[in-house]
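Here's the letter readout for the chains.
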Number of protein chains: 2
Amino acid sequence: MPKVGVVLSGCGVYDGSEIHEAVITLLALNRAGAETICMAPNVDAAVVNHLTGENVAGETRNVLVESARIARGEIRDIAEVTVNDVDALIFPGGFGAAKNLCDFAIKGSECSAHPEVARLVREVISSKKPLAAICIAPALISRILGDDKLAHKLTIGTDEETAEALEKMGTDHIDCSVNNYIVDPANKLISTPAYMLAGNIREAAEGIEKTIAELLKMI
Amino acid sequence: MPKVGVVLSGCGVYDGSEIHEAVITLLALNRAGAETICMAPNVDAAVVNHLTGENVAGETRNVLVESARIARGEIRDIAEVTVNDVDALIFPGGFGAAKNLCDFAIKGSECSAHPEVARLVREVISSKKPLAAICIAPALISRILGDDKLAHKLTIGTDEETAEALEKMGTDHIDCSVNNYIVDPANKLISTPAYMLAGNIREAAEGIEKTIAELLKMI
């Protein structure tokens with residue numbers, strides 16, 4: 001039974017993990033016979049009211065604690081996870097991936113990655129274990145691999161401004177439709193646009209399910 | 001395109017909607033070609049830390065605002081929804097269904113239902129539109145239909161104590177396995193145990209997907 005690490009970044013599209021993407025990921029992995037190991041960084045983060053779309057002034061919530069909602073309590077601090085614990089790693093999207101795992105949402109190509117997230121990504125890549133990134137999460141991977149001057153291919157769909165920011169960090173960005181995914185075989189890297197392009201949950205699921213089938217084949 | 005109301009109760013298994021059940025519901029409905037109308041009551045509720053399982057003293061969150069995380073912001077106050085807006089209604093589970101839509105989790109068979117939730121359930125049942133309840137949500141339906149002295153059948157799986165509480169409120173409780181569902185054809189009522197019995201997300205999905213196929217057939 002392959003063990004796949006699922007890196008969460010909170011609970012909700014505007015300040016955490018995109019919930020649909022995270023649950024579709026967990027369901028597809030479980031149906032394929034994989035064991036899932038949910039994890040998140042133990043940091044506080046800003047809160048967005050998902051009814052109004054507005055920031056909630058003065059409130060913070062802990063990313064590990066909120067991610068535990070998606071994981072039904074079964075979750076680990078990413079600082080305690082090493083490459084030996086997983087056969088593959090996957091990052092659902094949502095603004096949390098670009099706000100809490102790195103600060104791409106604020107600083108664009110000048111962003112930095114959370115150190116423990118960057119450490120685990122580097123361990124997985126250098127161990128030649130496969131890694132998948134969904135939606136905006138490829139921006140985080142771009143930052144880490146770009147810092148290492150490692151040539152690599154990723155997609156965030158077709159948004160020109162976001163694609164340019166990834167190119168600036170060192171990614172060879174490949175446009176991709178919502179129901180498809182991009183493979184970088186040299187780095188065992190897979191990415192799919194999901195809600196960067198999806199108009200509904202069905203469209204997001206199609207690309208994610210294909211991505212996970214490919215991820216498991218690469219183990 | 002049938003319109004199906006999805007009644008949420010927060011965001012997280014211990015104080016809101018069970019997130020897996022809610023997302024599996026939205027995905028199955030969307031894949032079957034249904035339009036989903038998410039709704040929740042506009043009330044404040046207690047908060048559980050999902051990492052520790054403990055109540056967070058002194059903190060409340062708004063059920064409509066937190067449910068909006070699952071609905072990606074597309075959600076209505078249930079007080080503004082009438083039976084004319086939907087062709088069917090479905091309740092995902094999670095403790096929120098038993099804490100925020102009614103107080104079954106605290107008072108058992110002595111519980112009361114949220115008045116706007118009770119109103120919409122009564123409208124749907126008396127209009128002979130189908131209604132599905134997942135996991136612990138049948139306890140809420142039991143309260144409402146029991147108060148009306150309406151003979152009906154539901155399942156919460158096989159837990160004896162919970163089943164007895166439903167019987168006490170007026171339900172004919174039928175035991176049911178995790179991958180199955182119970183139909184009450186006279187009231188167009190469908191129920192499935194999901195995480196009342198499921199050991200993993202795949203098991204929960206199987207019963208929910210069958211339930212939704214049945215719900216849509218009944219429209």
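To keep things clear, this report deals only with the structure shown in the data block. Quick caveat: nothing in here was measured; it's all calculated off a predicted structure.

1. Side note on the sheet that holds strand E5 (residues 76–77) of chain B
All names here are of chain B. The seven strands lie next to each other as E5-E2-E1-E6-E7-E11-E10, forming an open sheet whose pairing is mixed. In the strand order of this sheet, the two ends are held by E5 and strand E10 (182–184), each with one partner. In the sheet, E10 pairs with strand E11 (residues 189–192) via three bridges, with the strands oriented antiparallel. Bridging across to E11, Ile182 finds its partner in Ser191. Against the sheet, helix H5 (residues 115–126) makes contact with strand E2 (35–40), strand E6 (88–91), strand E7 (131–134) and E11, and its axis sits at roughly 135° relative to E6, the strand it touches most.

2. Focus on the interface of chain A and chain B
When the parts of a complex come together, some accessible area is lost, and that lost area is often used as the size of the interface. In this assembly, 37 residues from chain A lie in contact with 37 residues from chain B. In total, chain A and chain B occlude about 3,200 Å² of area from one another, counting both sides; carbon and sulfur atoms represent 57% of this. It is A:Leu51, A:Arg69 and A:Arg72 that lose the most area in chain A upon contact with chain B, and together they represent 25% of the buried surface on that side. For the interface between chain A and chain B, the tally reads eight salt bridges. Close ionic contact of B:Glu66 with A:Arg61 constitutes a salt bridge, the shortest N to O distance being 3.1 Å. If you look at where chain A meets chain B, you find 16 residue pairs in polar contact (both at pLDDT 80 or more). Every element with two or more residues in the side of chain A that touches chain B is listed here: helix H1 (19–31), strand E3 (44–48), strand E4 (55–62), helix H2 (63–70) and helix H8 (201–217) of chain A. When residues of the side of chain A that touches chain B are assigned to their parent elements, the largest contribution, eight residues, is made by H1(A).

3. Comments concerning the state of the cysteines
Enumeration over the complete set of coordinates arrives at zero disulfides over all chains. No disulfide involves A:Cys111; its sulfur sits 4.6 Å from the nearest other cysteine sulfur, which is in A:Cys102. Note on A:Cys111: relative accessible area 4%, which makes it buried. Left unpaired, B:Cys11 is separated from the closest cysteine sulfur, that of A:Cys11, by 3.6 Å. The class for B:Cys11 is buried, based on a relative accessible area of 4%.

4. Regarding helix H7 (residues 160–169) of chain B
Residues and elements named next belong to chain B. Among the residues of H7, Thr162, Ala163, Ala165, Leu166 and Met169 are the ones counted as buried. Each buried residue of H7 sits inside an arc of 155° when the element is viewed along its axis, so together they form one side. In H7, the exposed residues that point more than 90 degrees away from the buried face are Glu160, Glu161, Glu164 and Lys168. Where H7 is buried, its residues contact helix H4 (104–107), helix H6 (137–147), strand E8 (152–154) and strand E9 (171–173).

5. Considering the relation of the copies chain A and chain B
Taken as rigid bodies, chain A and chain B are interconverted by a rotation of 180° and an axial shift of 0.0 Å, the fit giving an RMSD of 0.0 Å. Taken together, the rotation and translation describe the operation of a two-fold axis. Relative to the rotation axis, the closest C-alpha in chain A is found at A:Val23, a distance of 3.4 Å. With an isologous cut-off of 70% or more, the 100% of interface residues of chain A that recur at the interface of chain B puts this contact in the isologous class.

6. Overview of the pattern of salt bridges
For side chains bearing opposite charge, pairing can occur when the charged atoms are close. Considering all chains together, one arrives at 30 salt bridges over all chains under this definition. Here A:Glu214 ties to A:Lys217 by a salt bridge, and the two come within 3.6 Å at their closest N and O atoms. In this pair, A:Glu214 and A:Lys217 are both assigned in helix H8, three residues apart and thus about one turn of the helix distant. Its relative accessible area of 13% is what places A:Glu214 among the buried residues. Taking the relative accessible area as the measure of exposure, A:Lys217 reaches 66% and is therefore exposed. By sharing partners, the salt bridges in this structure join A:Asp15, A:Glu59, A:Arg61, B:Glu66 and B:Arg69 into a single network.

7. Thoughts on the nonpolar core
With 154 residues, the main nonpolar core has A:Phe91, A:Phe104, A:Ile141, B:Phe91, B:Phe104 and B:Ile141 as its most contacted residues. In this structure, A:Phe104 is in contact with A:Ala98, A:Ser109, A:Cys111, A:Ile136, A:Ala139, A:Thr162, A:Ala165, A:Leu166 and A:Met169, ignoring residues within four places of it in sequence.

8. Some thoughts on the packing of H1(A) against helix H1 (residues 19–31) of chain B
Geometrically, a packed helix pair is captured by the angle between its two axes and the distance between the axes. Closest axis-to-axis distance for the H1(A)/H1(B) pair is 10 Å, and the angle between their directions is 95°. Of the possible angle classes, the one that applies to H1(A) and H1(B) is roughly perpendicular. Along the contact surface, H1(A) presents A:Ile19, A:His20, A:Val23, A:Ile24, A:Leu26 and A:Leu27, while H1(B) presents B:Ile19, B:His20, B:Val23, B:Ile24, B:Leu26 and B:Leu27. Residues that form the contact of H1(A) with H1(B) fall into these classes: ten nonpolar, two polar and no charged.

Rules of the game
Residues numbered from 1 in each chain as written. Chains lettered and ligands numbered in written order. Predicted model: local features only at pLDDT ≥ 70, side-chain atom pairs only at ≥ 80, totals over all residues. Heavy atoms only, no water. Pairing = 2+ DSSP bridges. Helix = DSSP H or I, 4+ residues; strand = E, 2+ residues; numbered from the N terminus. Contact = heavy atoms within 4.5 Å. Axes fitted to C-alpha atoms, helices over the stretch in contact; angles between N-to-C directions. Buried area = accessible area lost by both parts, 1.4 Å probe. Salt bridge = Lys/Arg side-chain N within 4 Å of Asp/Glu carboxyl O. Polar contact = N/O pair within 3.5 Å; in protein donor to acceptor, adjacent residues only side chain to side chain. Disulfide = S-S within 2.5 Å. Buried < 20%, exposed > 50% of the residue type's maximum accessible area, 1.4 Å probe, protein only. Arc of directions from axis to C-beta. Least-squares fit on C-alpha atoms with pLDDT ≥ 70 in both. Core = buried A, V, L, I, M, F, W, Y, C linked by side-chain atoms within 4.5 Å. Parallel < 35°, antiparallel > 145°, perpendicular 65-115°, else oblique. Nonpolar A, V, L, I, M, F, W, Y, C, P; charged D, E, K, R; others polar.

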